[in-house]
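Tertiary structure, described
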Amino acid sequence: MGSSLGAALVSVGHRALWVTAGRSAATTRRADGDNLEAVGSLDELVGLVDVIVSICPPDNAVEQARSVVEAGFSGVYVDANAVAPETAHRIDSAVSPAADFVDGGVIGPPARQSGSTRLYLSGNRAAEIAALFDGSVMQACPLEGGPGAASALKMCYAAWTKGSAALLLAVAALARREGLDEVLTREWDLSQPELPEKLQNAALSSASKAWRFSGEMAEIAATFRQADLPDGFHQAAADIYLRLSDLKDQSVTDSGPILERLAPE
């Protein structure tokens, strides 16, 4: 996602830099393919840019913001991670007043074609950041409201998309454990014909990214809890994805191994 966001900025004439320290060969290949400019360290980066956009696992979002400020950054810090509104406020506190904070939330796949992906933004300088993407494949959408609004929207959206996928995986794993997976599939074919395909898509699309989704579900659970709504749905979803975390970056072509990890016989 981060590389595609940088590519969107490059496509409309901006420079997009990234830090190579601690990153993998795969990350380097993506960055090179998207014409991003490499710098060796965060200390070097903060002296070269006016805007920093953070795209990282939600568990690391607050720490990343603190590191940027400690390195001396004083521009606009955009946190575009899948975090709870309360986490967004913590990030705001971490970067202010040294830097200006803009809250962000990405909905959609990596931005490779027009209309596929939206970057929602909130905060005093949200419109200014959105304008940087004008003419690119990334549709940047400033929202009314301060920091937390964009994150809240992201939490609401992913609560359904990734939360319902986790529920479907859990249901299928239970049926497999009880020896009823074929019977359930036949019943689905009769009464819920869309579910077998949704199950396959949920399994294959989630497998290699489940290590990130677990933290995102925890942030969603916190969002529900802060709104005085039950948080158990997404605490359970976090556990589902955590059980798949060893599949990080692996190519999975069948749902069987995934269901076996969720409910081993």
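Quick summary incoming for the structure in this document. Since we're looking at a predicted model, the values are computed, not measured.

Reading the values: the criteria
- Residues numbered from 1 in each chain as written.
- Predicted model: local features only at pLDDT ≥ 70, side-chain atom pairs only at ≥ 80, totals over all residues.
- Heavy atoms only, no water.
- Helix = DSSP H or I, 4+ residues; strand = E, 2+ residues; numbered from the N terminus.
- Rg over C-alpha atoms; globule rule 2.2 N^0.38 Å.
- Buried < 20%, exposed > 50% of the residue type's maximum accessible area, 1.4 Å probe, protein only.
- Contact = heavy atoms within 4.5 Å.
- Areas by Shrake-Rupley, 256 points an atom, 1.4 Å probe, with all protein chains shown as cover.
- Lys, Arg positive; Asp, Glu negative; His and termini not counted.
- Charge placed at Lys NZ, Arg CZ, Asp CG, Glu CD.
- 1 Å grid on protein atoms, 1.4 Å probe; cavity = no way out; pocket = protein on both sides within 12 Å on 5 of 7 lines; lining within 4 Å.
- Points joined across faces, edges and corners; volume = space filled by probe spheres on them.
- Nonpolar A, V, L, I, M, F, W, Y, C, P; charged D, E, K, R; others polar.
- Core = buried A, V, L, I, M, F, W, Y, C linked by side-chain atoms within 4.5 Å.
- Phe/Tyr/Trp six-rings, centres within 6.5 Å; stacked < 30°, edge-to-face > 60°.
- Lys NZ or Arg CZ within 6 Å of the ring centre and 35° of its normal.
- Salt bridge = Lys/Arg side-chain N within 4 Å of Asp/Glu carboxyl O.
- Pairing = 2+ DSSP bridges.
- Right-handed = clockwise from strand over helix to strand, strands pointing away.
- Axes fitted to C-alpha atoms, helices over the stretch in contact; angles between N-to-C directions.
- Parallel < 35°, antiparallel > 145°, perpendicular 65-115°, else oblique.

**What to know about the overall build of the chain**
The helix and strand inventory of the chain stands at twelve helices and seven strands. Taken over C-alpha atoms, the radius of gyration comes to 20 Å for the chain, in line with the 18 Å a tight globule of 265 residues would show. Taking the principal axes of its C-alpha atoms as reference, the chain extends roughly 60 × 40 × 30 Å. Within the span of the chain, comprising 265 residues, buried residues form 45% of the whole. In the chain, once contacts between residues fewer than 6 apart in sequence are set aside, the share between residues at least 24 apart is 62%. Accessible surface computed for the chain: about 13300 Å², of which carbon and sulfur atoms make up 51%. Each charge class in the chain can be summarised by its mean position, and for the 21 positive and 34 negative side chains these summaries are 3 Å apart.

**Side note on the layout of surface pockets**
Its volume calculated, the second largest pocket comes out at about 200 Å³. The wall of the second largest pocket is formed by 13 residues, among which Asp181, Thr185, Trp188, Leu199 and Leu259 lie closest to the centre. When contributions to the lining of the second largest pocket are tallied by element, the ones reaching two or more residues are helix H7 (149-177), helix H8 (181-191) and helix H9 (195-206). In terms of residue count, the dominant contributor to the lining of the second largest pocket is H8 (five residues). Broken down by class, the residue content of the lining of the second largest pocket amounts to seven nonpolar, three polar and three charged.

**With respect to the nonpolar core**
The nonpolar side chains of a soluble globular protein tend to be buried, and buried together. Of all hydrophobic cores here, the largest spans 31 residues; its most connected members are Leu169, Tyr241, Leu244, Ile258 and Leu262. Breaking this core down by element, the ones donating at least two residues are H7, H9, helix H10 (210-226), helix H11 (232-242) and helix H12 (256-262). Per element, the largest residue contribution to this core is nine residues, and it comes from H7. Setting aside residues no more than four positions away along its own chain, leucine 262 makes contact with Leu169, Ala170, Ala173, Ile240, Arg243 and Leu244. Counting 21 residues, the second-largest nonpolar core is a separate cluster that includes Val19, Val39, Cys56 and Tyr77.

**Section: unusual backbone geometry**
Omega for the peptide link from serine 96 to proline 97 comes to 5°, which places this bond in the cis form. When you line up the elements, proline 97 lands in the loop between helix H5 (85-95) and strand S5 (100-107). Positive phi outside glycine occurs at aspartate 228, with the angle close to 60°. With respect to the secondary-structure elements, aspartate 228 resides in the loop between H10 and H11.

**Re the packing of aromatic side chains**
Scanning the entire structure with this criterion turns up one aromatic pair. Ring geometry for phenylalanine 213 against tyrosine 241: centres 5.3 Å apart, planes inclined by 75°, an arrangement best described as edge-to-face. One end of the pair, phenylalanine 213, is in helix H10; the other, tyrosine 241, is in helix H11, and 28 residues separate them in sequence. Here arginine 212 stacks its cationic end above the ring of tryptophan 211, 6.0 Å away from the centre of that ring. Above the plane of the ring of tryptophan 211 lies lysine 248, whose end atom (NZ or CZ) is 4.1 Å from the centre.

**Overview of the pattern of salt bridges**
Per the counting criterion, the structure on display carries nine salt bridges. Note that aspartate 34 is salt-bridged to arginine 112, the shortest N-O span being 2.9 Å. Of this pair, aspartate 34 sits in the loop between helix H2 (25-33) and strand S2 (37-39) while arginine 112 sits in the loop between S5 and strand S6 (118-122), and the two are 78 residues apart along the sequence. As a salt-bridge pair, arginine 225 and aspartate 231 come within 2.6 Å of each other at their nearest N and O atoms. When its relative accessible area of 46% is taken as the criterion, arginine 225 is described as partly exposed. On the accessibility criterion, aspartate 231 (16% relative accessible area) is buried.

**Observations regarding the pairing of strand S7 (residues 139-142)**
As judged from the four bridges shared by S6 and S7, these two strands associate in the parallel manner. What sits directly across from leucine 119, in S7, is alanine 140. The β-α-β motif built from S6, the intervening helix H6 (residues 126-131) and the parallel element S7 has right-handed crossover chirality.

**Side note on the packing of H10 against H11**
Between two packed helices, both the angle of their axes relative to each other and the distance between the axes serve to describe the pair. Contact pair H10 / H11: the axes reach a minimum separation of 8 Å and the direction vectors enclose 170°. Put simply, H10 runs roughly antiparallel to H11. Packed against H10, whose contacting residues are Ala210, Phe213, Ser214, Met217, Ala218, Ile220, Ala221, Phe224 and Arg225, the element H11 presents His234, Gln235, Ala237, Ala238, Tyr241 and Leu242 at the interface. Classifying every residue of the contact of H10 with H11 gives eleven nonpolar, three polar and one charged.

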